[in-house]
Amino acid sequence: MDEAKIRSALVDAMRVAATQLPSDVVDALRAARERETSPLGAAQLDAILENVDIARDGSIPMCQDTGIQTFFVEAGTDSPFLGRLKDWIDRAVVEATDAIPLRPNTVDPFTGENPGDNTGRYMPFVNWEIVDGDEIRITVLPKGGGSENMSTVKMLPPGVGLKGIQKTVVEHVVSCGGKPCPPTIVGVGIGGGADIALKLGKKAVLREIGSTHPEPEIAAFERELLDLINRSGVGPMGVGGATTSLAVHVEVAHRHPASLPLGILIQCWADRRAHVRLSAVGTIEVTR
Amino acid sequence: MKRELTLPIDEARTRELRVGDILYLTGRIFTARDEAHHRMLEAREADELLPFDPSRMALFHCGPVVRKAGDGWEVIAAGPTTSVRMELFEDRFLEAFRPRIVIGKGGMGARTQAALETVGAVYAHYTGGAGALAAGRIERVEAVHWLDELGMPEAAWIFAARDFGPLLVTMDSAGGNLYRDLEPTIAENMKSILARIEE
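Computed from a prediction, not measured in an experiment: that's the story for all the values here.

### Thoughts on the overall build of chain B
Check the secondary structure of chain B and you find 7 helices and 9 strands. Its C-alpha atoms give chain B a radius of gyration of 17 Å, near enough to 16 Å, the size a compact globule of 199 residues would have. Of all 199 residues assigned to chain B, the portion counted as buried reaches 50%. Sequence separation of at least 24 residues holds for 66% of the intrachain contacts in chain B that already meet a minimum separation of 6.

Structure representation (structure tokens):
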């Protein structure tokens with residue numbers, strides 16, 4: 001039965017995301033540990049790496065904040081499953097909350113009521129992108145509250161230019177201190193509009209650590225920003241040290257001549273994600 | 001200094017703890033985030049008796065993942081939440097209930113610092129996100145209060161912990177504050193970063 005199989009793959013993907021940190025992130029954390037000269041910062045990285053092992057070996061969530069379940073869907077226009085996918089995702093989230101388990105994190109802003117299953121108005125949120133073909137590719141991003149609280153959008157005067165963007169990003173990341181659970185991954189969205197800049201920032205967070213923007217100028221901008229942030233000394237968990245961020249990823253849209261929107265999306269070290277590929281004939285694959 | 005402590009601990013012992021100490025706690029810990037803080041402060045105002053004695057336990061800013069296991073509960077993941085949200089009322093909370101150790105992440109503000117000094121308590125940082133590591137040091141759930149009213153993350157969970165740590169003291173009762181100590185270095189670094197950008 002397609003539905004049961006697909007739903008169970010979606011639950012698997014949420015389990016993989018919650019319990020197994022992707023290898024690019026683990027490698028980046030290990031490299032940060034090797035570089036770390038502050039004993040306090042090193043102790044934080046040791047605790048993080050030990051925690052990651054315990055979570056993977058025991059198949060238990062690495063962080064008690066299992067996040068808001070967010071889905072990025074590249075939907076092939078010829079896939080036969082498009083019409084039913086949102087419903088399956090909703091049901092899979094309810095199932096995953098019980099099975100993994102996930103912390104029930106969705107709360108009604110007006111009544112304070114928590115339905116207990118990570119669903120609610122607009123939740124789980126699905127970002128749709130229409131693509132050619134008959135395949136559906138889904139990325140699961142469980143995003144924690146501590147780092148999301150540190151995300152922001154700034155509407156800069158265009159006159160400040162690229163230097164103004166760098167200054168604003170570094171000042172913001174440094175002002176966050178230990179609150180977003182550094183070492184963080186910083187997604188920077190430039191241009192579009194207020195909402196688009198934030199969306200680009202979140203999309204940038206999805207990229208693997210070590211990947212660079214295909215345009216050399218933007219890739220260089222990413223490297224410079226990372227270097228600048230790590231000169232701050234905020235360090236792991238804000239207790240001081242050499243690594244405040246593991247990566248900076250930038251995505252850019254054209255902008256209105258009067259606007260320079262800057263979205264800054266902060267992801268904690270627990271950069272959890274998993275991928276699902278669903279073919280037109282219903283074969284399905286879950287990867288980190 | 002590495003210190004293995006058994007709870008409850010008294011005020012004199014707490015006042016010896018200093019920024020930079022690494023603590024491993026054995027004994028009872030209760031969780032409280034925004035809602036449990038409110039609930040307990042309301043109880044105090046109404047002269048309502050609390051179902052547990054917070055002064056004999058460590059306060060843990062944590063919204064855990066727990067699962068029913070038979071008649072009791074099993075802790076799945078229980079790392080710290082961002083403490084500064086509780087800055088709005090932590091000074092009143094400390095004065096009312098006198099837990100000697102506050103566990104959380106990210107540090108707290110000037111009001112809490114002042115209350116730590118008055119009451120004789122410390123703030124200890126636990127590695128953010130280390131929920132699986134923390135769960136392994138919790139031997140059992142002894143009780144849960146206001147679960148139906150507040151929900152799983154916001155309820156007050158009473159944990160029996162063994163060697164719960166490493167906890168890094170970042171704010172102590174003698175005015176010591178690791179975050180404040182770092183500020184001049186970071187400010188100095190920011191100056192050179194901004195100069196580099198302007199180059």
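### Some remarks on the pairing of strand β9 (residues 156-171) of chain B
Each regular strand shows side chains that alternate between the opposite faces of the sheet. Residues and elements named next belong to chain B. One ladder, built from 7 bridges, connects strand β2 (residues 22-31) with β9; its direction is antiparallel. Residue pairing across strands places R28 opposite A160, the latter belonging to β9. Strand direction decides the pairing type here: strand β7 (residues 122-126) and β9, joined by 4 bridges, are antiparallel. Counterpart to Y123 in the pairing with β9 is M171. Relative to β9, strand β8 (residues 138-145) is paired through 6 bridges, and the arrangement is antiparallel.

### Quick notes on the interface of chain B and chain A
The interface of chain B with chain A comprises 42 residues on the first partner and 42 residues on the second. Within the side of chain B that touches chain A, the residues separate by chemical class into 22 nonpolar, 16 polar and 4 charged.

### So, unusual backbone geometry
Looking along the chain, the bond that leaves A:P182 and enters A:P183 is cis, with omega of 10°. In this structure, the amide linkage connecting B:L7 to the following residue, B:P8, adopts the cis form with an omega of 0°. With respect to the secondary-structure elements, B:P8 resides in the loop between β1 (2-6) and α1 (11-15). Even without a glycine there, the phi angle at A:C181 is positive, about 60°. One can find A:C181 in the loop between α6 (161-176) and β5 (184-190). In this structure A:C181 comes out as buried when scored by C-beta crowding, with 32 C-beta atoms within 10 Å. Phi angles above zero are rare outside glycine, and B:W146 is one such case at about 60°. By the secondary structure assignment, B:W146 is in the loop between β8 and α6 (147-150). By the C-beta count within 10 Å, which is 17 here, B:W146 ends up partly exposed.

### A closer look at the sheet that holds strand β9 (residues 284-287) of chain A
Residue and element names in this part refer to chain A. Taken in spatial order, the 5 strands line up as β2-β1-β3-β8-β9 in an open sheet, and their pairing is mixed. Strands at the two margins of the open sheet, each flanked by one partner only, are β2 (125-131) and β9. Neighbour to neighbour, the strand axes of the sheet diverge by 15° on average, direction disregarded. As paired strands, strand β1 (residues 68-76) and β2 are joined by 7 bridges and run parallel to one another.

### Describing the domain arrangement of chain A
Residue and element names in this part refer to chain A. Its domain assignment divides chain A into domain 1 (2-17 + 62-144 + 272-287) and domain 2 (146-267). Here the C-alpha centroids of domain 1 and domain 2 sit 26 Å apart. Taken together, the contact between domain 1 and domain 2 spans 7 residues of the former and 4 residues of the latter. Tallying contributions element by element places strand β3 (residues 136-143) first for the side of domain 1 that touches domain 2, with 3 residues.

### Side note on the sheet that holds strand β4 (residues 152-156) of chain A
Residue and element names in this part refer to chain A. The mixed open sheet is built from 4 strands, whose spatial order is β4-β7-β5-β6. Of all strands in the sheet, those bounded by a partner on one side alone are β4 and β6 (245-252). Ignoring strand direction, the axes of neighbouring strands in this sheet form an average angle of 20°. The sheet contact formed by β4 and strand β7 (residues 260-267) spans 5 bridges and is antiparallel. Across the sheet, residue T152 finds its bridge partner in β7, namely I264. Of the strands in this sheet, β4, β5, β6 and β7 touch helix α7 (residues 194-206), which is tilted by about 35° from β7.

Conventions and cut-offs
- Residues numbered from 1 in each chain as written.
- Chains lettered and ligands numbered in written order.
- Predicted model: local features only at pLDDT ≥ 70, side-chain atom pairs only at ≥ 80, totals over all residues.
- Helix = DSSP H or I, 4+ residues; strand = E, 2+ residues; numbered from the N terminus.
- Rg over C-alpha atoms; globule rule 2.2 N^0.38 Å.
- Buried ≥ 20, exposed ≤ 12 C-beta atoms within 10 Å, placed from the backbone.
- Contact = placed C-beta atoms within 7 Å.
- Pairing = 2+ DSSP bridges.
- Nonpolar A, V, L, I, M, F, W, Y, C, P; charged D, E, K, R; others polar.
- Axes fitted to C-alpha atoms, helices over the stretch in contact; angles between N-to-C directions.
- Domains from an automatic or database assignment.

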